[in-house]
There are 2 protein chains.
Amino acid sequence: MKRRAVLSSFGALIGASAISACAQLETTASEPLPAPKEIRGTGDLAVAIARADGKVAIIDTTDQKIIAEVPGIGDLSHASIVYSRDARFAFVFGRDGGLTRIDILAQRITHRIIQGGNSIGGAISQDGSLVAVSNYKPGGVKVFNSSDLTQVADIPCDSKTVGLVDAPGQKFVFSLWDKGEIWITDFSAGNKAAPAITRFENIGRNPYDALITPDGRYYMAGLFGEDGMAQLDLWHPEKGVTRVLPNYGRGEKKMPVYKMPHLEGWAMAGGRAFVPAVGRHEVLILDTNTWQEVGRIPVLGQPVFVMARPDGRQIWVNFAHPDNSNIQVFDSETLEQLVHLKPGPGVLHMEFAPRGEKVWMSVRDSHEIHLYNTDTFQLLTKLSLPSPSGIFMTARAHKIGL
Amino acid sequence: MKRRAVLSSFGALIGASAISACAQLETTASEPLPAPKEIRGTGDLAVAIARADGKVAIIDTTDQKIIAEVPGIGDLSHASIVYSRDARFAFVFGRDGGLTRIDILAQRITHRIIQGGNSIGGAISQDGSLVAVSNYKPGGVKVFNSSDLTQVADIPCDSKTVGLVDAPGQKFVFSLWDKGEIWITDFSAGNKAAPAITRFENIGRNPYDALITPDGRYYMAGLFGEDGMAQLDLWHPEKGVTRVLPNYGRGEKKMPVYKMPHLEGWAMAGGRAFVPAVGRHEVLILDTNTWQEVGRIPVLGQPVFVMARPDGRQIWVNFAHPDNSNIQVFDSETLEQLVHLKPGPGVLHMEFAPRGEKVWMSVRDSHEIHLYNTDTFQLLTKLSLPSPSGIFMTARAHKIGL
C-alpha cells in the first residue's frame, strides 16, 4: 500500500511558497468510503459547480433533480470537470490549484490535492489513466494517475500554461502564455515520468486560451498580444504552427484578458465553426476546411459561449455583462433567430443532453439551474443551487478534447 | 400496478401465427432482482453477442475482461443492441422477434417479450423513453416503453420494415421493403399511441437497409431493386426524397440481399463518407456536402463494414466470405494502407473505444474477441466467447442514430 499524507482541511487556500511541499499531499478520509447511495448507471448524471460555496451538485438528468451535494472543493471560480472512462469519477480543477476526485456514486471526495498555487483547467488522457493540470503558479503542467492522484510527471516550462487539452495518441497539448509556445507532450511510450515533448516556438504573443476541434486534429490558440490565431495541425506537426483568422482578436478596442471569449465556446457543426467575435456583438462563421470567415450573425451583446445543439441544427449564444441575462438561439442554416430567452441574471454556462433534446443552463445570480426543451424552448424545470457555473454531463467521458 | 403475464421459456421461437397473442407478453422473474454484482460506473462496459448460444457477454473494457454472461436471449443472428440513457440497460433486438431488456449491473434479464415473428433491428428514442422494433413478420413497427417494455404504439404498414433509426425531435424513421416508402414517425406530441406519421411514397424499389448520418440529418436507404440511394433530408422533409449516388448498387452482378453491405457500415469523417462498394472490391469515397463520389480505395475483397476511428484518422475495413479473416486499415488522408491484419476466420464486427485508442473485434469462427491498439496495431488481448458477432459499448447511449 502506498503511504498517504492526510491534509486535514479541504479547500484551504495556500500560497505559492507552500506548493512544492504540498504538491504530493493527498487528502483521503480516514474511514473507508461509504457504499454508494444508490445502485445505478452513471450515463445520465451531471455535476454542476456551485462556485461561491466550494461545492458541487450531482444531478440526475433523467429525474431532473439534484441528488447530492459534495462540499469542500475549494475555490471554484472558473472550475472545470473531466470524467473517468467509466463515468464514475469526476475530476474537478479548481482555481486554487486544487485537483479533486469525486466518486459520484458514493457522492463524496475520494482524493484531493493542492497541486499548484493558481491553476486553470485540465484534461484526462485518451485512455483515461492520466489527469493533467495547467498552472499559472508555479507554471508548467503536472500529470497524475487518475486512480489515486499520485504524481506521474512534472513538466516545468518557466511560464503560465493555458489551453491544456487531451489529444488522440495519449497526448496533452498546451500553450505557454509567457513564452509564446505550444507544447505537445506524448505519454504513449513507456516512461510516463518523461513524456516525449515537441515544442513550437514563436507561435505569437501571449496565448490566453486554446481549443481542439472535436476530431482532435486542430489545436488553436487565441493570442492576447496579437491578432489571428495560432493553429497546429496535429496530423502534421512537421508543418509547424500557422497563423489563421488574421482578423480574429481585432475588436473595437483591446479588452482585458478576463473579458476574452472562452475558446471552448466555439461551436463546430456541418463543416462550419460558429465563433464569438472578440469585442464585437457578432458571431463569426468560419469554414473549417479553409478556416476562412464565411459569414457573421449580429447578436445582442458580446458573446461568450457559442454552442451548437448536438445535431448542429441550432446555435445557442450567451453573453458577457451587461447582457448576461439573455440567450439567443439561431437556426444554423438560415441564421435567423429562433428564440430570445431571458433566463435571468448571470447566465454562465449551457450543457446539452448528449443527443440534444434538452439543455441545462446555469443562472448564477438567481441561484438556479434551468432545463429547457430545445424544440419547444419550454422551461421544463428549475433547480436551486447557489451561484451555479459550469454544468458537466458524464457523456463527456467519451469525447475527445473534453 | 400493471398486470404482467409471465412467459416461462426465454428465447422460444414462436411462429407468426402466435405473434398477436404474444406481442404484449412480458417475461419477468418471479423473485426480485438480485443486487448488482458490483458497484460501478457503467461508462466503460460493453455487451457482445454470442450468436450461436443465444447469450450475451458483458465486458469491462477497462479491465479487458468478460465479467458476466447472460443467457436466454433467443435467436441472435443479426442481433443488435441499444442502451438506456443511464447506460445501465441494454435492449437486445433478436432475429426471432424477441426484445430483451438486460440490466448490465445486475447481469440479468429484467424483461423479455416476443413482439413479432421475425424482426431486424431497433432504436431508442432521443429522450430514452421509447424503444422501437422493425418487423419482417408481421411487418410494421412496434414501440415500447423503455422502462418495462409495455407496448406504446403499433404502426402496421403492410410491409416488412427495414432501416429503423432514431432521429432528433423524438422521431423514428424507417423504410418499407414491400412498398418502396420511407416513413417518419414523430412521438414528440402528447399521444404516444398515435404518433404523427409522414409518408414518402415511390422512393425506389425494395429498400433493404438504411443509415442516418451522425448528426441525424440525412436518412439514406439502399435499394435492392434499383441503383442509387433514396435520401431524405430530415431538416427539409418538404423537399421530399431524392435519389443520390446514381451508381451505388451497381455491382459486377446482382447480389442476393444477404450479401449486401451493411449500411450502418458507412464511415463519416471530415466531410467525407467511406462506403463499401456493392459487388466490387472497393471502398467509395463520397463528399458529404454534394454526395458525389470523389475517390475510391481498392481493397482485397467485398467490404462489409467500413469504419472510421473516432478521430477520423484511420479507416478500418472488414470483408465478406471468403476474405473475412482479414482487416485492412487505411490512412484517411493519403488513402495508403497502414496495416493488413489477419485476426482469424469470420471477422464480423468492430467497435472502437469512444475516444479511439483501441478497437474490439469479433472473430466468429475462432470464438474470440480481440482487442487492438489502434496506434501500434498490437493485439492487446483475446477473450473467449462462442461465435461472437456484434460488440456494443455503452457510449452508444449518447449518440444520435445508434
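**Student:** For this particular structure, what's the right way to read the overall build of chain A?
**Tutor:** Helix and strand content of chain A: one helix and 32 strands. Per-residue burial for chain A yields a buried fraction of 63% across its 402 residues. Counted over contacts in chain A with a minimum sequence separation of 6, partners at least 24 positions apart contribute 43%. Surface accessibility of chain A: about 14700 Å² in total, with carbon and sulfur atoms responsible for 49%.

**Student:** So what exactly am I meant to see when it comes to the sheet that holds strand S26 (residues 327-331) of chain A here?
**Tutor:** In a beta sheet, neighbouring strands pair by backbone hydrogen bonds and run either parallel or antiparallel. Residue and element names in this part refer to chain A. One open sheet holds the four strands; their spatial order is S24-S25-S26-S27, and the pairing between them is antiparallel. Two strands lie at the open edges of the sheet, namely strand S24 (303-308) and strand S27 (337-341), each paired on one side alone. Within the sheet, the average angular offset between the axes of one strand and its neighbour, ignoring direction, is 15°. In the sheet, strand S25 (residues 314-319) pairs with S26 via five bridges, with the strands oriented antiparallel. Within S26, the position partnered with Asn318 by the bridge is Ile327.

**Student:** Teacher, can you tell me more about the side chain of Thr150 of chain B here?
**Tutor:** Checked against the element boundaries, Thr150 of chain B lands in the loop between strand S10 (141-145) and strand S11 (151-155). Separated by 2.7 Å, the side chains of Thr150 of chain B and Asp148 of chain B make a polar contact.

**Student:** Is there a simple way to explain the pairing of strand S14 (residues 181-186) of chain B in this structure?
**Tutor:** On a regular strand, one side chain projects to one face of the sheet and the next to the other, so that they alternate. Residue and element names in this part refer to chain B. Most of S14 sits out of view: six of its six residues are buried. Across six bridges, the pairing between strand S13 (residues 171-176) and S14 is antiparallel. Bridge pairing in S14 places Phe172 opposite Thr185. Between S13 and the antiparallel strand that follows it, S14, lie four residues; Gly180 among them carries a positive phi value of about 65°. Judged from the five bridges that link them, S14 and strand S15 (residues 196-200) form a sheet pairing that is antiparallel. Paired with Trp183 across the bridge in S15 is Arg199.

**Student:** I tried to follow the packing of aromatic side chains on my own but got confused; where do I start?
**Tutor:** Between two aromatic rings, the relevant description is the distance of the centres plus the angle of the planes. Residue and element names in this part refer to chain A. Counted according to the given criterion, the structure contains 14 aromatic pairs over all chains. With centroids separated by 5.9 Å and ring planes inclined at 45°, the aromatic side chains of Phe174 and Trp183 adopt a geometry described as tilted. When the ring of Tyr248 is compared with that of Trp266, the centres are 5.8 Å apart and the planes differ by 70°; the resulting orientation is edge-to-face. Placement of the pair is Tyr248 in the loop between strand S19 (241-244) and strand S20 (267-269) and Trp266 in the loop between S19 and S20, with a sequence separation of 18 residues.

**Student:** Looking at this structure, how should I read the relation of the copies chain B and chain A?
**Tutor:** Two chain copies, one operation linking them: a rotation about an axis together with a shift along it. Take chain B, turn it by 180°, move it 0.0 Å along the axis, and it overlays chain A with an RMSD of 0.0 Å. What the superposition gives is, in effect, a two-fold axis relating one chain to the other. The share of interface residues of chain B whose copies in chain A are also at the interface is 100%, consistent with both copies meeting through the same surface.

**Student:** Could you clarify how one ought to interpret the interface of chain B and chain A in this entry?
**Tutor:** Each side of the interface is counted separately: chain B has 43 residues, and chain A has 43 residues. When the two sides are added together, the surface that chain B and chain A hide from each other amounts to roughly 3700 Å², 49% of it contributed by carbon and sulfur. It is Arg85, Trp235 and Arg355 of chain B in chain B that bury the most area against chain A; as a group they hold 24% of the surface buried on that side. There are six salt bridges connecting chain B and chain A. In this structure, Arg217 of chain A engages Glu333 of chain B in a salt bridge whose closest nitrogen and oxygen atoms are separated by 3.1 Å. At the boundary of chain B with chain A, the tally comes to 27 residue pairs in polar contact (both at pLDDT 80 or more). A per-class count over the side of chain B that touches chain A returns 13 nonpolar, 13 polar and 17 charged.

**Student:** How do you make sense of the sheet that holds strand S16 (residues 207-212) of chain A when you look at a structure like this?
**Tutor:** Residue and element names in this part refer to chain A. With respect to topology, four strands assemble into an open sheet ordered S16-S17-S18-S19, the strand pairing being antiparallel. The outermost strands of the open sheet, each flanked by one partner alone, are S16 and S19. Strand-to-strand twist across the sheet, computed as the mean angle between neighbouring axes with direction ignored, equals 30°. Pairing analysis gives four bridges linking strand S18 (residues 229-233) to S19, with the strands arranged antiparallel. Its bridge partner lying in S19, Ala230 is registered against Arg243.

**Student:** Sorry if this is basic, but what is going on with the pattern of salt bridges here?
**Tutor:** Where charged atoms from two side chains of opposite charge approach closely, those side chains can pair. Counted according to the given criterion, the structure contains 41 salt bridges over all chains. We note a salt bridge from Arg355 of chain A to Asp166 of chain B, for which the minimum N-O separation is 2.8 Å. Here Arg355 of chain A is found in the loop between strand S28 (347-352) and strand S29 (358-363), whereas its partner Asp166 of chain B is found in strand S12 (residues 161-167) on a different chain. Residue class for Arg355 of chain A comes out buried when judged on its relative accessible area of 5%.

**Student:** Explain the environment of Pro195 of chain B to me, please; I cannot follow it from the model alone.
**Tutor:** Residue and element names in this part refer to chain B. If you trace the backbone, Pro195 turns up in the loop between S14 and S15. For Pro195, a relative accessible area of 12% puts it in the buried group. Separated by 65 residues in sequence, Pro195 and Leu130 place their C-alpha atoms 12 Å apart. In contact with Pro195, not counting residues within four places along its chain, are Ala153, Ile155, Thr185, Asp186 and Phe187.

**Student:** Before we go on, may I ask you to explain the pairing of strand S4 (residues 80-83) of chain B in this structure?
**Tutor:** Residue and element names in this part refer to chain B. Of the pairings in the sheet, the one linking S4 to strand S5 (residues 89-93) comprises four bridges and is antiparallel in character. Counterpart to Ile81 in the pairing with S5 is Val92. Two successive antiparallel strands, S4 and S5, enclose a turn made up of five residues, where Ala87 displays a positive phi of approximately 60°.

**Student:** In this structure, what is going on with unusual backbone geometry? I would like to understand it.
**Tutor:** Glycine aside, the phi torsion of most residues is negative, and most peptide linkages are trans. His321 of chain A connects to Pro322 of chain A through a cis peptide bond whose omega is 5°. Each neighbour pair has its own omega, and for Lys137 of chain B with Pro138 of chain B the value is 5°, a cis peptide bond. Located in the positive-phi region is Gln107 of chain B, a residue other than glycine, with phi close to 60°. By secondary structure assignment, the location of Gln107 of chain B is in the loop between strand S6 (98-103) and strand S7 (108-114).

**Student:** Please explain the environment of Ile182 of chain A as it appears in this structure.
**Tutor:** Among the structural elements, Ile182 of chain A can be located in strand S14 (residues 181-186). Aside from chain neighbours lying at most four places away, what touches Ile182 of chain A is Val173, Phe174, Ser175, Thr198, Arg199, Phe200, Ile203, Tyr219, Ala230, Leu232 and Val241 of chain A.

**Student:** Would you mind showing me how to read the confidence of the model for chain A here?
**Tutor:** All names here are of chain A. For chain A, the mean per-residue pLDDT works out to 88, and 88% of the residues sit at or above 70. Every residue in residues 1-34 scores below 50 in pLDDT, and together they form 66 contacts with partners more than four places removed in sequence or on other chains. Reported for the predicted complex are a pTM of 0.90 and an ipTM of 0.89.

**Student:** Before we go on, may I ask you to explain the side chain of Gln126 of chain B in this structure?
**Tutor:** On the secondary structure map, Gln126 of chain B appears in the loop between strand S8 (118-124) and strand S9 (130-137). In terms of polar contacts, Gln126 of chain B uses its side chain to reach the backbone amide nitrogen of Gly169 of chain B, at 2.8 Å. With near-sequence residues (within four places) excluded, Gln126 of chain B lies in contact with Arg355, Gly356 and Glu357 of chain A together with Ala167, Pro168, Gly169 and Gln170 of chain B.

Cut-offs and rules
Residues numbered from 1 in each chain as written. Chains lettered and ligands numbered in written order. Predicted model: local features only at pLDDT ≥ 70, side-chain atom pairs only at ≥ 80, totals over all residues. Heavy atoms only, no water. Helix = DSSP H or I, 4+ residues; strand = E, 2+ residues; numbered from the N terminus. Buried < 20%, exposed > 50% of the residue type's maximum accessible area, 1.4 Å probe, protein only. Contact = heavy atoms within 4.5 Å. Areas by Shrake-Rupley, 256 points an atom, 1.4 Å probe, with all protein chains shown as cover. Pairing = 2+ DSSP bridges. Axes fitted to C-alpha atoms, helices over the stretch in contact; angles between N-to-C directions. Polar contact = N/O pair within 3.5 Å; in protein donor to acceptor, adjacent residues only side chain to side chain. Phe/Tyr/Trp six-rings, centres within 6.5 Å; stacked < 30°, edge-to-face > 60°. Least-squares fit on C-alpha atoms with pLDDT ≥ 70 in both. Buried area = accessible area lost by both parts, 1.4 Å probe. Salt bridge = Lys/Arg side-chain N within 4 Å of Asp/Glu carboxyl O. Nonpolar A, V, L, I, M, F, W, Y, C, P; charged D, E, K, R; others polar. pLDDT = per-residue confidence, 0-100.

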